Each structure stands twice: as structure tokens, then as C-alpha cells.
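Per-entry structural report
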Amino acid sequence: MTTANANPLNQTIHTIGILGGGQLGMMLAEAALKLGYRCIFLEDAADCPAALYGTVYNSKQLDEFIHQADVFTLEFENTPVKTVKKLEKLNQKDDGKHGMYPSAFALEVAQDRLTEKSMFNELNIATVPFLAVSSQADLQKASEELGLPLVLKTSRGGYDGKGQFVVRTPQDIAVAWRELGGAVTGRGDLTSTPAPLIAEGFINFSREVSIIAARGKDGTVRAYDLVENHHHNGILAKTQAPAVGTSHLNKMAQNAISTLMNHLNYVGVLALELFVCKDENGNDTILANEIAPRVHNSGHWSIEGAVTSQFENHIRAVVGLPLGDTDNVHPSIMINVLGEYPNLADVLAIDGSHYHTYHKEERENRKIAHITLMPNNVTNLELSVQELVKILPNKVGLG
Ligand code: AMP
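Just so we're clear, the structure is a prediction, and the values are computed from it rather than from any experiment.

**Regarding the overall build of the protein chain**
- On a plain count of helices and strands, the protein chain comes out with 13 helices and 18 strands.
- The C-alpha atoms of the protein chain give a radius of gyration of 21 Å, which matches the 21 Å a tight globule of 399 residues would have.
- Seen through its C-alpha atoms, the protein chain measures out along the principal axes to roughly 65 × 55 × 40 Å.
- Looking at the 399 residues of the protein chain, the share that counts as buried comes to 53%.
- The contacts of the protein chain with a sequence gap of at least 6 include a subset with a gap of at least 24, amounting to 62%.
- Summed over its atoms, the accessible surface of the protein chain is roughly 17,500 Å², and 49% of this surface lies on carbon and sulfur atoms.
- Charge separation in the protein chain, taken as the distance between the mean sites of 33 positive and 45 negative side-chain charges, equals 3 Å.

**Topic: the domain arrangement of the protein chain**
- The domains assigned to the protein chain are domain 1 (4-100), domain 2 (129-201) and domain 3 (207-391).
- The C-alpha-based centres of domain 2 and domain 3 are spaced at 29 Å.

**Structural notes on the sheet that holds strand S2 (residues 38-42)**
- One open sheet accounts for five strands, arranged S3-S2-S1-S4-S5; its pairing is parallel. The open sheet has two edge strands, strand S3 (56-57) and strand S5 (100-101), and neither has a second partner.
- Strand direction decides the pairing type here: strand S1 (residues 15-19) and strand S4 (residues 71-74), joined by four bridges, are parallel. Paired with Ile18 across the bridge in S4 is Thr73.

**Comments concerning the site of the ligand**
- Surveying the vicinity of the ligand reveals 14 residues, the closest of which are Lys153, Gln164, Ile203, Glu208 and Asn289.
- At 2.9 Å, a backbone N or O of Ile203 approaches a nitrogen atom of the ligand.
- One of the side-chain N or O atoms of Asn289 is found 2.9 Å from an oxygen atom in the ligand.
- Expressed as a share of its isolated accessible area of 470 Å², the protein-covered part of the ligand is 88%.

**Observations regarding the packing of helix H1 (residues 23-35) against helix H11 (residues 310-319)**
- Following both chains from N to C, one finds H1 and H11 inclined at 65 degrees, their axes separated by 8 Å at the closest point. Taken together, the axis directions place H1 and H11 in an arrangement best described as roughly perpendicular. Our pair here, H1 against H11, has a crossing hand that is right-handed. Residues Leu24, Met27, Leu28, Ala31, Ala32, Lys34 and Leu35 of H1 pack against Phe311, Glu312, His314, Ile315 and Arg316 of H11.
- Its residues assigned to classes, the contact of H1 with H11 comprises eight nonpolar, one polar and three charged.

**Section: the packing of aromatic side chains**
- Using the criterion set out here, one finds four aromatic pairs in the structure.
- Relative to Trp301, the ring of Tyr224 lies with its centre 5.9 Å away and its plane at 90 degrees, an arrangement referred to as edge-to-face. Of the two residues, Tyr224 is situated in the loop between strand S11 (221-223) and strand S12 (227-232) and Trp301 in the loop between strand S15 (284-292) and helix H10 (302-305); the sequence distance between them amounts to 77 residues. As far as the burial class goes, Tyr224 and Trp301 line up, both buried.

Conventions and cut-offs
- Residues numbered from 1 in each chain as written.
- Predicted model: local features only at pLDDT ≥ 70, side-chain atom pairs only at ≥ 80, totals over all residues.
- Heavy atoms only, no water.
- Helix = DSSP H or I, 4+ residues; strand = E, 2+ residues; numbered from the N terminus.
- Rg over C-alpha atoms; globule rule 2.2 N^0.38 Å.
- Buried < 20%, exposed > 50% of the residue type's maximum accessible area, 1.4 Å probe, protein only.
- Contact = heavy atoms within 4.5 Å.
- Areas by Shrake-Rupley, 256 points an atom, 1.4 Å probe, with all protein chains shown as cover.
- Lys, Arg positive; Asp, Glu negative; His and termini not counted.
- Charge placed at Lys NZ, Arg CZ, Asp CG, Glu CD.
- Domains from an automatic or database assignment.
- Pairing = 2+ DSSP bridges.
- Near = heavy atom within 4 Å.
- Polar contact = N/O pair within 3.5 Å; in protein donor to acceptor, adjacent residues only side chain to side chain.
- Axes fitted to C-alpha atoms, helices over the stretch in contact; angles between N-to-C directions.
- Parallel < 35°, antiparallel > 145°, perpendicular 65-115°, else oblique.
- Left-handed = near helix turned anticlockwise from the far one by under 90°.
- Nonpolar A, V, L, I, M, F, W, Y, C, P; charged D, E, K, R; others polar.
- Phe/Tyr/Trp six-rings, centres within 6.5 Å; stacked < 30°, edge-to-face > 60°.

Here's what the structure looks like:
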């Protein structure tokens, strides 16, 4: 079988090289196939979810991976910036390669919370107050300036709530430093690159929301509406799309993500996680927490729930095609399956359920599948959620 003429709009790009081969890579490949592109993956785990969709190259086979792909993107945020820089340089040579999206610059910013939050503030995008912490004395000072409680986080390498400590009392300061100080000094396994910690004021947010947008090579930005996210121990459990009661904040969030994308000269899909809280006048407002320079778990609903999914829009952006409509077609709730698979027949018996397995082995609290619920009758949405929660072996965060 050949796909050589399947994509007449963009004949020079046939193969997309993706850094990482997890479920995000898998769903990118599904979207790419539909448009006539094939994907290959750079990933050391040969049995990764994306392996069913294309050849997987390990890091020792980087040159072969580069040779086989026409354009590059990533699905794994902790991809080494060095690799991304190498791929970016290819674009500057006349070797038939079509670039690396997003850029090393965008990835570098997203990999460091201090750089990221400083950039938000430079662009007039509000955040919680924060300070860099390089010693226990700094943490003491931060606790006086920001007040308690505060959230101490590693600035690099943390994900899904790892590398964080809520400092509630002055006695917690020494404990928090003992737990996380290794990220500054290079001791322990918290980070491969020693870097200051970040102390953030603790925010009593009313909701956690995120906005996802795609930016094309011509600078066009298309944003989805805000969605509401429920986390448990830092792991996403559930996303409601669109978020209910936050439509008045869509414009503000869209302005923030457009500003960020234009500043980064971003190409592809970017996610921005936000807290909803009150401003000094008692009005609802949003504070930026972090960006993910890739397709995002809080956008999985868009496969069924939006005119164009985040995955398809990312592929469109990377190969230089026009972006698709980001409107919601129907309200939905996406639920992550953690650790243990449910009975498939039970899932599919629920009104409006769409099942996506990641073909992964079961492991405690590992994201192994997601289910998007989109019953025809919107009033049945909560009912469908309750039915699903009943049959999920792991109900963590869905209480
Ligand atoms: P993060 O890794 O920054 O996404 O943080 C993980 C989770 O911790 C978030 O989803 C929030 O629920 C919570 N969190 C993070 N930062 C703060 C903060 N400054 N104040 C209160 N809660 C926070």
C-alpha cells in the first residue's frame, strides 16, 4: 500500500517524525492517517502505544529517524531540548526537511516553571505571586513575603503533581527543603538538571480550567472554549467541555493564549492551564499556571466533541495546512481510565460513550485509556457519568 498521492495538498510532506510514542503520539498518528500522512516515532519503549501506528526508533537510531521523516513534532514535554535544536537546524539546511514544531524556544520555556511564569508576567498575563528558592533561607524569606500556605515546586522535571510540597506551617519549611532541596543541589533523583525551586502563593481557586489553541504557520490562531478540569493528586481525572459558567472568561483566556503563541512564534497545539478566582474587585478572573507545548489530556474530548480535534489541528499546523473549526459540536465529559481497564461491553452500553484504549499494561494510577461521554440528550450527561463511575474499577478523583 502506498500513501504517496493521498495528500495532494502537500506533496512534499509524507512522513511526520514525532518525538515520543505515548498515547498522545498514538492519537496524533490516527489524525494524521486520516489526512494521508504517516507518522514515525522516536521512543525508547518499543512497546509504546504509538507502535501500532508506525515504526518506532530508539534514541540510538536518531539519524535513521531523521532520514525517514519530512517534518518533526513532539508529544513528550520532557524531550531533550538538544534533540529539538538539532531537528530545528535541519530546516535551515537545504535538505528537504520542513521544520520542527513547536520550536526549541517554546519547549525550553515550558520545561522551566520560573522561566514560564516570568514570561507570563512579562506579557501581562496574571499568575499567582512566586519567588525563586535556592536555599532554605530563601524558602524562609519566601514564606514571609508570600505568606503561608505556599506551594513549593521543582521548576524542572515535575509532572502530574510530582515534585511539589505544600508548606502550611513554619515547621514545614525544613521538611519541604529536605524533600525538594535536592533539585537545587543536584542530589537525589528529582531532576537531571539542578535548578532553583519555585515558591508560589497558595491560591484558593474556585475551578481549574484550561484552554487549548492551535496556531498555523501563517500565524492564524484557533482556540477551543475553556474546559473545566478535576485533578486528583495532580493527575487529571475528568474534563468537562465546555466548562459550565465560564463563558464570560473565554475571551480573556483566548487573548492570553494568542499572546503567548504569537510571542513564541508557535506552530501547533498549545495548552494553557489556568485557575479561576476573584480579582481585587470581586470579579471572576483567571491566573495562568502552566503551558504544555503539545496536545493535552484536557483536549481529548475534542476527538468527538469538536468540529476539528486538537490532534487533527496539530497535524494540520505542522504540515502547513489550514486549521479547522474549533467549535464544540456537543457538550461532553472526558474521564481518564487509571490503572485498571473496565469491561468494554459495560462501557459501550452507556449512552453516548466513546472508548479510547492506549494499549498499555495495567499499572497503579497509570493513564491507560479515556472515555468521552456525549449522550444525545445533554440532560443525560451527568447520568452517563454516574453510570460510568459505577463500572470503573478505579474511581480515584471521581468521588
Ligand atoms: P501543577 O503541577 O502546577 O499543575 O500543580 C498540580 C496541582 O496542584 C494543580 O492542578 C492544582 O490543583 C494544585 N496547585 C498548583 N499550584 C497551586 C497554587 N499555587 N495554589 C494552589 N494550588 C495549586
